Every structure is written in structure tokens, then in C-alpha cells.
Amino acid sequence: MKKCAFIMDPITSIQTKKDSTFAMMLEAQKRAHEIHYITQSDLFCQQSRAMAKSQVISITDQTSDYYHVKSEQTINLGEMDYIFMRKDPPFDMEYVMDTYVLDLAQQQGARIINDPQALRDANEKFFTETFPSVTPENIISRNADLLKAAIQELGDVIVKPMDGMGGHSIFKTSKDDKNLNVILETVTQNNSRTTMVQRYIKEITAGDKRILMINGDPVPYALARIPSDEDFRGNLAKGGTGKGVPLSESDMKICLLVGPKLKAMGIVFAGIDVIGEYLTEVNVTSPTCIRELDALYDLNIAGQLFDYLESSSQ
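Residues numbered from 1 in each chain as written. Predicted model: local features only at pLDDT ≥ 70, side-chain atom pairs only at ≥ 80, totals over all residues. Heavy atoms only, no water.

On to helix α1 (residues 20–30), then. Structural remark: α-helix, 3.6 residues per turn; residues separated by three or four positions point the same way. Among the eleven residues that make up α1, nine are buried, leaving the element largely enclosed by the rest of the structure. Among all positions in α1, only Ser-20, Thr-21, Phe-22, Ala-23, Met-24, Met-25, Leu-26, Glu-27 and Ala-28 are buried. If you check the start of α1, you find a side-chain oxygen 3.1 Å away from the backbone N of Thr-21, and it comes from Asp-19. Trailing α1 by a residue or two, Ala-32 shows a phi angle of about 65°, which is positive. (Buried < 20%, exposed > 50% of the residue type's maximum accessible area, 1.4 Å probe, protein only. Helix = DSSP H or I, 4+ residues; strand = E, 2+ residues; numbered from the N terminus. Polar contact = N/O pair within 3.5 Å; in protein donor to acceptor, adjacent residues only side chain to side chain.)

This brings us to empty space enclosed by the protein. A full pass over the atoms with the stated rule returns one cavity of 30 Å³ or more. Each pocket or cavity is described by its volume, and for the largest cavity that value is around 30 Å³. Lining of the largest cavity is provided by Met-85, Arg-86, Ile-113, Asn-114, Phe-269, Val-284, Thr-285 and Pro-287. In terms of residue class, the lining of the largest cavity is made up of five nonpolar, two polar and one charged. (1 Å grid on protein atoms, 1.4 Å probe; cavity = no way out; pocket = protein on both sides within 12 Å on 5 of 7 lines; lining within 4 Å. Points joined across faces, edges and corners; volume = space filled by probe spheres on them. Nonpolar A, V, L, I, M, F, W, Y, C, P; charged D, E, K, R; others polar.)

A few words now on the state of the cysteines. With the rule as written, the count across this model stands at zero disulfides. Cys-289 carries a free sulfur, and the closest cysteine sulfur to it, the one in Cys-255, is 14 Å from it. (Disulfide = S-S within 2.5 Å.)

Here we take up the sheet that holds strand β9 (residues 157–161). In a beta sheet, neighbouring strands are held together by backbone hydrogen bonds and run either parallel or antiparallel to one another. Ordered in space as β8-β11-β9-β10, the four strands form an open sheet in which the pairing is antiparallel. The sheet terminates laterally at β8 (138–141) and β10 (171–173), the two strands that pair on one side only. Looking at each pair of strands side by side, their axes are set apart by 20° on average, direction ignored. With three bridges joining them, β9 and β10 adopt antiparallel strand pairing. Bridging from a neighbouring strand, Val-159 pairs with Phe-171 of β10. Lying over the sheet, helix α5 (residues 180–187) contacts β9, β10 and β11 (195–199), oriented at roughly 25° with respect to β9. (Pairing = 2+ DSSP bridges. Axes fitted to C-alpha atoms, helices over the stretch in contact; angles between N-to-C directions. Contact = heavy atoms within 4.5 Å.)

Let us now look at the side chain of Asp-9. Relative to the assigned elements, Asp-9 resides in the loop between β1 (3–7) and α1. A polar contact of 3.3 Å, which involves the side chain of Asp-9, links it to the backbone nitrogen of Asp-88. The residues touching Asp-9, leaving out its near neighbours within four places in the chain, are Tyr-37, Lys-87 and Asp-88.

See the structure below:
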């Protein structure tokens with residue numbers, strides 16, 4: 001039996017049929033591992049020991065009444081076998097503080113998924129700059145004048161904050177848009193928030209593909225999130241429709257480029273986003289779509305993840 005800690009948003013707020021952390025918990029339970037549920041506010045450090053208040057829970061794969069608290073205790077995080085850091089963005093200073101606690105836990109014996117240093121280093125939008133050959137033209141700045149000048153050259157663009165998720169505060173605009181100034185003022189928060197302007201990729205109509213990767217190797221199918229007729233964003237949270245697709249030759253080339261870097265950084269579980277032939281994001285904090293792909297292709301992605309963890313821990 002392994003001791004598995006899951007640091008996540010409140011479990012009461014999840015949708016079990018779509019939640020990837022819940023899929024990991026189900027797999028841990030299937031393997032008779034002990035499941036410790038932890039929120040950010042439960043973490044603490046005392047006398048140089050990484051600690052947490054935890055609830056040991058059992059779970060049931062249903063949409064309501066899906067977890068039961070078996071015990072409550074204070075634990076030494078270094079004594080956990082695996083700690084899954086699954087807190088959703090935003091990535092703020094409190095998140096950074098939590099990674100420092102996880103650094104200690106790692107030094108004291110726990111295995112962290114994903115590596116705390118990698119969580120700090122691999123901003124989900126900025127990290128694409130590591131792979132310029134497959135990244136769409138863009139500019140990253142908090143200076144609205146610089147962003148506006150780039151838009152004059154790029155034409156149709158996407159404007160998005162660097163710390164968002166789920167399609168929040170993303171705009172499609174162009175140099176002729178009379179709302180351009182107010183869009184840049186809003187997203188940059190008047191030159192105080194770093195923002196990306198990225199050339200609009202028309203292939204988004206065929207879907208924004210989420211490709212899951214375990215230790216640098218891709219799951220052979222992706223979930224293409226296709227925008228609705230009323231929106232340009234493919235995010236499922238914004239009305240997009242999920243469609244399963246096998247990885248294309250172009251997808252595999254991107255995976256072969258990105259995978260070794262993820263593996264070297266200790267990013268065991270990631271979700272890369274691909275539109276057309278371009279890499280647009282590398283998600284390392286709490287990648288989703290396990291349950292959707294499992295259902296479409298009769299997979300067990302969380303099982304693959306645990307297989308890797310258990311084989312590489314021996």
C-alpha cells in the first residue's frame with residue numbers, strides 16, 4: 001500500500017465525471033493505496049518539516065455523495081509515497097509558497113507530481129517559448145504600446161493573460177478593431193499584468209487538441225475541443241465540444257520535441273495544447289481530460305500514470 005496525497009481545490013466543488021484528479025484517486029483506491037485529501041490552506045511548515053492537515057477518504061464513482069472521510073490527522077508530507085499537486089491556477093504567490101513546502105517534502109522523502117521546481121519554472125503559456133520552431137508568432141509584455149505595435153504586424157490575434165485558465169479573459173481582435181485599446185487596457189490591467197498576443201490560428205475551427213503526456217510520452221489520442229458557433233474559444237468550460245481524435249504525424253513531431261524536456265524537468269504528467277501545427281500551451285499544474293479520453297477510447301490513463309510511478313520507484 002502506498003500513501004498518496006492529493007493537493008487540490010475543494011473536493012465538494014468537482015464534477016466527478018470530468019475531473020482528472022478524481023480519476024487518479026479512483027486508480028489509487030483500486031490499487032488499495034491510502035488517499036489523503038489536502039487543500040492549500042492545510043499545508044504548513046514547522047521546524048523545517050513539511051506538514052499538512054489531511055483527511056483520509058474513500059471515494060465512489062458517482063456524481064453525488066462521492067466521498068467519505070475515514071479519518072482526520074496531521075501528517076508529515078515527507079512520509080507520503082506520492083504527492084499529486086493538482087491545484088488549479090491562478091498561479092500566484094500562495095501557489096509559489098506551496099511549492100516551497102513541497103520542495104521540503106521532496107527532500108524529506110516524498111515523490112512530487114509534478115516536481116516543485118518545474119511547477120515554478122514552466123509557466124503554462126510562457127513555456128512554449130522553449131520550442132520556437134512549433135510556436136505561433138507572438139509577443140509577451142505588459143506594455144500595451146508594444147502589444148499594439150505587434151498586432152499591427154500580426155493581423156488577427158488572440159490576446160490572453162499569462163496567468164489564466166479555462167478560456168477566461170481571452171480576446172480575439174485585430175489592428176482594425178475599435179475596441180483594441182480597451183481590450184489591451186483590460187487584459188494588461190493598464191500596463192501592470194504580463195499578457196501574450198499570439199497570431200490567430202484559423203485551424204482552431206477543427207479543435208484545440210489536448211494531448212496528455214506521461215513521463216514525456218503521449219497518450220495516442222487527443223481531445224479536440226471544438227468552438228461553438230457562438231464563440232472562438234474551444235475550451236469546454238466556454239461551450240466547446242470535445243471530440244476524440246488520434247494523434248496526427250504533426251502532433252507526434254511536437255510530442256517528440258516537447259517530451260524529452262518534460263522528462264528532464266520531472267514533469268511526469270502534462271497536457272500540451274496543439275492547434276493545427278502549433279504548440280500553444282504546456283499545462284503542468286492540473287492537466288485535465290483523463291476521464292473524457294478514457295470514456296471515448298476505453299483507456300485507463302490514470303492507470304498508465306500509476307504504472308509508471310510504481311515501476312520507476314522500485
